[in-house]
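Inside the fold
The lines below spell out each chain.
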Amino acid sequence: MLQVNDLHASVVDADEEILKGLSLSIGAGEVHAIMGPNGSGKSTFANVLLGRPDYVVNSGTVTFDDEDILEMFPEQRALRGMFLAFQYPAEIPGVRPWQFLKAALDARREYAGEKALSVRDFSKLFDDKVKEVGIDPDLVKRSLNEGFSGGEKKRNEMLQLEMLEPRLAILDETDSGLDVDALRIVAEGVNNLRSPDRSFLIVTHYQRLLNYIKPDVVHILVDGRIVESGGPDLAMSVENHGYEQYIKAAVAD
Amino acid sequence: MTLATARGEKYAADFKALTESRPVADWMAELRQRGWDHFDSIGFPTARRGNELWKYTNLAALDQGQFEFQLDEPDAVSADVLRERAPWSDDWSTLVFVDGGYSEALSQVSADDGVQVLNLADAANNESLQKNLAKHAATDENAFSALNTAFLADGGFVQIPDNHEDASPIHLLFVTTPGGFRATYPRTLVVAGTNSRSTVIESYISLGDEGGFTAPVAEYVLNPGSGIDHYRVLVENEASFHIGNTRVYQLDNSTFTSTSFALGPKIGRNDVHVLLDAPGAECTINGLYLTTNRQHMDNHISTTHAKPHGTSHQFFKGVLSGNSRAVFSGRVLVEKDAQKTQAYQKDLNLILSHGAEIDTKPSLEIYADDVQCAHGATAGHTDPEALFYMQARGIDEVTAQAMLMRGFASEIVDMICVDGLQDFVHGVVEEAIPRLQAAAD
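Nothing here was measured: the structure is a model prediction, and the numbers come from that model.

Rules of the game
- Sequence positions are assigned chain by chain, starting from 1 and proceeding in written order.
- Following the order in which they are written, the chains are lettered starting with A and the ligands numbered starting with 1.
- Per-residue local features of the predicted model are confined to residues with pLDDT of at least 70, and side-chain atom pairs are confined, for both listing and counting, to 80 or more; whole-chain, interface and lining totals are unaffected and use all residues.
- Where helices and strands are cited, they refer to DSSP runs of H or I of at least four residues and of E of at least two residues respectively, numbered from the N terminus.
- Here the globule rule reads 2.2 Å times residues to the power 0.38, and the radius of gyration is calculated from C-alpha atoms.
- Any residue whose C-beta has 12 or fewer other C-beta atoms within 10 Å is treated as exposed, any with 20 or more as buried, and any in between as partly exposed, C-beta atoms being built from the backbone.
- Placing a C-beta atom from the backbone of each residue, one calls two residues in contact when those atoms lie within 7 Å.
- For our purposes the nonpolar core covers buried Ala, Val, Leu, Ile, Met, Phe, Trp, Tyr and Cys residues that link as a set through C-beta atoms within 7 Å.
- Just so you know the grouping, Ala, Val, Leu, Ile, Met, Phe, Trp, Tyr, Cys and Pro go in nonpolar, Asp, Glu, Lys and Arg go in charged, and all remaining residues, Gly too, go in polar.
- Strands are labelled as partners when DSSP assigns at least two bridges between them.
- Each axis is a line fitted through C-alpha atoms, taken for helices only over the stretch in contact, and angles between the N-to-C directions span 0 to 180 degrees.
- The directions considered for the arc run from the helix axis to the C-beta atoms.
- For classification purposes, an angle smaller than 35 degrees is called roughly parallel, one larger than 145 roughly antiparallel, one from 65 to 115 roughly perpendicular, and anything else oblique.
- Should the near helix be turned anticlockwise from the far one by less than a right angle, the crossing is termed left-handed; should it be turned clockwise, right-handed.
- Predictor confidence is given residue by residue as pLDDT, running from a minimum of 0 to a maximum of 100.

Next up on the list: the overall build of chain A. Secondary structure summary: chain A contains eight helices and ten strands in total. Relative to the globule expectation of 18 Å for 253 residues, the C-alpha radius of gyration of chain A, 18 Å, shows essentially globular dimensions. Judged by the C-alpha coordinates and their principal axes, chain A covers about 60 × 40 × 35 Å. Counting the 253 residues in chain A, one finds 41% classified as buried. For chain A, contacts bridging at least 24 residues in sequence account for 71% of all contacts bridging at least 6.

Phe-83, Ile-170 and Ile-202 of chain A together with Tyr-220, Val-319 and Leu-436 of chain B are the most contacted members of the largest nonpolar core, which has 168 residues in total. Examining the composition of this core, we find that eight residues originate from one element, helix 7 (residues 397-413) of chain B, more than from any other. Setting aside anything within four residues of it in sequence, one finds Ile-170 of chain A in contact with Ala-46, Leu-49, Phe-83, Leu-84, Ala-85, Leu-201 and Val-203 of chain A. Ranked by size, the runner-up nonpolar core spans 25 residues in total, among them Phe-39, Phe-44, Phe-144 and Ala-146 of chain B.

This next bit is on the interface of chain A and chain B. On the side of chain B, 18 residues touch chain A, which itself brings 22 residues to the contact. Mapped by element, the contributors of at least two residues to the side of chain A that touches chain B are helix 2 (74-79), helix 3 (97-111) and helix 5 (150-164) of chain A. Residue composition of the side of chain A that touches chain B, grouped by class: 17 nonpolar, two polar and three charged.

The strands making up a sheet are joined through hydrogen bonds of the backbone, oriented either antiparallel or parallel. Residue and element names in this part refer to chain A. Pairing is mixed across the open sheet formed by six strands, whose spatial order is 6-7-8-3-9-10. A single partner strand is all that each edge strand has here, and the edge strands are strand 6 (82-85) and strand 10 (225-230). The average angle at which neighbouring strand axes cross in this sheet is 20 degrees, direction not considered. The pairing of strand 3 (residues 31-35) with strand 9 (residues 217-222) spans four bridges and is parallel. Following the sheet pairing, Ala-33 is matched in strand 9 by Val-218. In the packing of helix 7 (residues 233-241) onto the sheet, contacts are made with strand 3, strand 9 and strand 10, and the angle to strand 9 comes to roughly 45 degrees.

With that settled, the discussion passes to the environment of Thr-204 of chain A. Secondary-structure assignment places Thr-204 of chain A in strand 8 (residues 199-204). For Thr-204 of chain A, the residues in contact, after removing those within four places along its chain, are Ala-33, Met-35, Glu-173, Asp-175 and Leu-209 of chain A.

Bringing helix 7 of chain A into the picture now. Residue and element names in this part refer to chain A. Within the span of helix 7, buried status applies to Leu-234, Ala-235 and Val-238. Looking down the long axis of helix 7, one finds its buried residues gathered within 105 degrees of arc, a one-sided arrangement. Exposed and facing more than 90 degrees away from the buried side of helix 7 are Asp-233, Asn-240 and His-241. The inward-facing, buried residues of helix 7 contact strand 3, strand 9 and strand 10. Immediately beyond the C-terminal end of helix 7, within one or two residues, lies Gly-242, with a positive phi of roughly 75 degrees.

As a further point, take the packing of helix 6 (residues 384-391) of chain B against helix 7 of chain B. Packed helices, taken two at a time, are described by the angle their axes make and the gap between the axes. Residues and elements named next belong to chain B. Viewed as axis vectors pointing N to C, helix 6 and helix 7 meet at an angle of 125 degrees, and their least axial separation amounts to 9 Å. In terms of axis orientation, helix 6 runs oblique to helix 7. Both helix 6 and helix 7 take part in a crossing whose hand is right-handed. Facing Ala-386, Leu-387, Met-390 and Gln-391 of helix 6, the residues of helix 7 in contact are Glu-397, Ala-400, Gln-401, Met-403 and Leu-404.

Before going further, it helps to spend a moment on helix 6 of chain B. In terms of burial, helix 6 of chain B is a largely internal element, six of the eight residues being buried. Of the positions making up helix 6 of chain B, those classed as buried are Ala-386, Leu-387, Phe-388, Tyr-389, Met-390 and Gln-391 of chain B. Contacts from the buried residues of helix 6 of chain B go to helix 2 of chain A together with helix 7 of chain B.

The predicted model of chain B averages 92 in pLDDT, with 95% of residues at 70 or higher. If you check the scores for this complex, the pTM reads 0.91 and the ipTM reads 0.95.

Residue and element names in this part refer to chain B. Read across the sheet, ten strands follow the order 3-2-6-9-12-14-16-18-20-22 without closing on themselves; strand pairing throughout is mixed. A single partner strand is all that each edge strand has here, and the edge strands are strand 3 (101-108) and strand 22 (371-380). Averaged over neighbouring strand pairs, the angle between their axes works out to 10 degrees when direction is ignored. Strand direction decides the pairing type here: strand 18 (residues 311-320) and strand 20 (residues 341-351), joined by ten bridges, are parallel. Paired with Thr-311 across the two strands is Gln-342, which belongs to strand 20. Along the sheet face, helix 7 touches strand 14 (255-263), strand 16 (282-291), strand 18 and strand 20 and points at about 155 degrees away from the line of strand 18.

With that settled, the discussion passes to the packing of helix 7 of chain B against helix 8 (residues 419-438) of chain B. Residues and elements named next belong to chain B. At a minimum axis distance of 10 Å, the contact between helix 7 and helix 8 shows a crossing angle of 145 degrees. The handedness of the crossing between helix 7 and helix 8 comes out as right-handed. For the pair helix 7 and helix 8, contact is made by Val-398, Gln-401, Ala-402, Met-405, Arg-406, Ala-409 and Val-413 and by Gln-422, Val-425, His-426, Val-429, Ile-433, Leu-436 and Gln-437, respectively. Of the residues that constitute the contact of helix 7 with helix 8, the class distribution is nine nonpolar, four polar and one charged.

Structure below.
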């Protein structure tokens, strides 16, 4: 589904590269986790995949369903089924969560050649999902993410994930700043959505979230490159021994 | 001194024609003459250095004297056109003025226990009118209130009786018709009786594309315990000049809540002065302005706290595109006696192009020592984080930007508590968004 080959990327107008030849491949239905120390490029990778304009790709390829996406606008990637749950979701003053999601869902359905949901059908779906994700119904009457706590923002990201049903969901440190209850809700959301044609890429610093979401493959990212890949045991090893050995190995390179 | 320019002669000729063909009661004729004398002696203000109140507003174009004051019957306007182009509800009491002249045929006034909604020219014998007209917008205050007073004829006069509770909207609708370069001087006086409630809408709408010059003056008098919900809607074409003066006089524990909306004119100015002249009075002056191309919109809002325990809010928002320019000049003066005053000022701007400019100047002048005041102003571009967030959900950039503009504007539009009016303004904002986006960069 997603093929990343020798990806090099940096911040716009900066010389130093953050991603220095990252390669990975995610098949349909797979759950991959990327772990790494601070500054290893985890979040950069997640954002580059959706085309955040702050980054520039210097070389390498990224294909989604065999289609080169690097020249696409973020919305074109999203319409093809990619989704990024943001580490720091933006505040959108004056736009209610349901207005935002209606616009997003309308765009997606139009792209898929489907009719837009009526306001009534949309409202029903929205209300059901709000309940499922455990969001305070008063919260969704406010401006999107404005004055939301960290946990509320993350739940709201999960609400969007469940509503938009992407084919590849990238979770950028969704676990940071969450208490155990909120963590469970995120994990449940992901686990409920797991299916043979939906894949996940979970970016995280800690092994904690992986107690609840069992990944098929774990990658260790250090200094812009994947230095090791393995099964779920790899996450446990990081939990017990830290990133030290990988950092040393990367420096020795 | 007499104005020697072509412009001066033009206005002098109009004034002469008016006094000959539209005689009024002696006391009104006196007001007219005072207004004219003052205008004649000072002329239009110039945007020169040192003229602090007008330094951002270039009125040189008014010098051409191309605008016609209309004495003849105005062109016919159909009721359907009004319903389509102006805020309208059959549930409101509406006085319609076409090119400055009162149209009885188009107006709809439901008689309501003592509320008087009259054409000013027909109410010359009214004591309250005699007592209050031109008392709060002094004829010698500035050139535009002077000029407006010189051309006193038709206008809106609203008298709300004491203890009146039904605040169903009273609408004063001033339209200009296509096919001419009109000069109009709409006049409004609203007197709210003790402990009364009312809702008053002033609308200024151009129906054609030709430029016009509109110089309205509105006076609001709030007796003790009264409350007025006030709306001012300005939707004029891009060739128009609009210089509006609003004066509000408030007595004990009265509440004036005003929301204004401005779209369109080439040069627009909304000058509002509020005098809180008794304890416990409260005023809220909010507004939204949208500008694009080479438009210029000014909001000069000034509140004077003369007595203790007053509260005032000024909250404006602007969306600017193209090479347009806007000014927010908010002033709060807290006099020595006005202890326990609370005053807040805020002006927030969304700038869509590099050619657009906002001059925002909230200012507090405080002579009392026990007050609570705060002010702030911001100007920023569309938030790139918000745009990327929306795009990452599949919403294209243009749609995302429109949603952000709508969201930004809605904070003010949602303050409009009159249903039909809120829908109208929403609709005007919706139509304006793509035009502002087209001039964005």
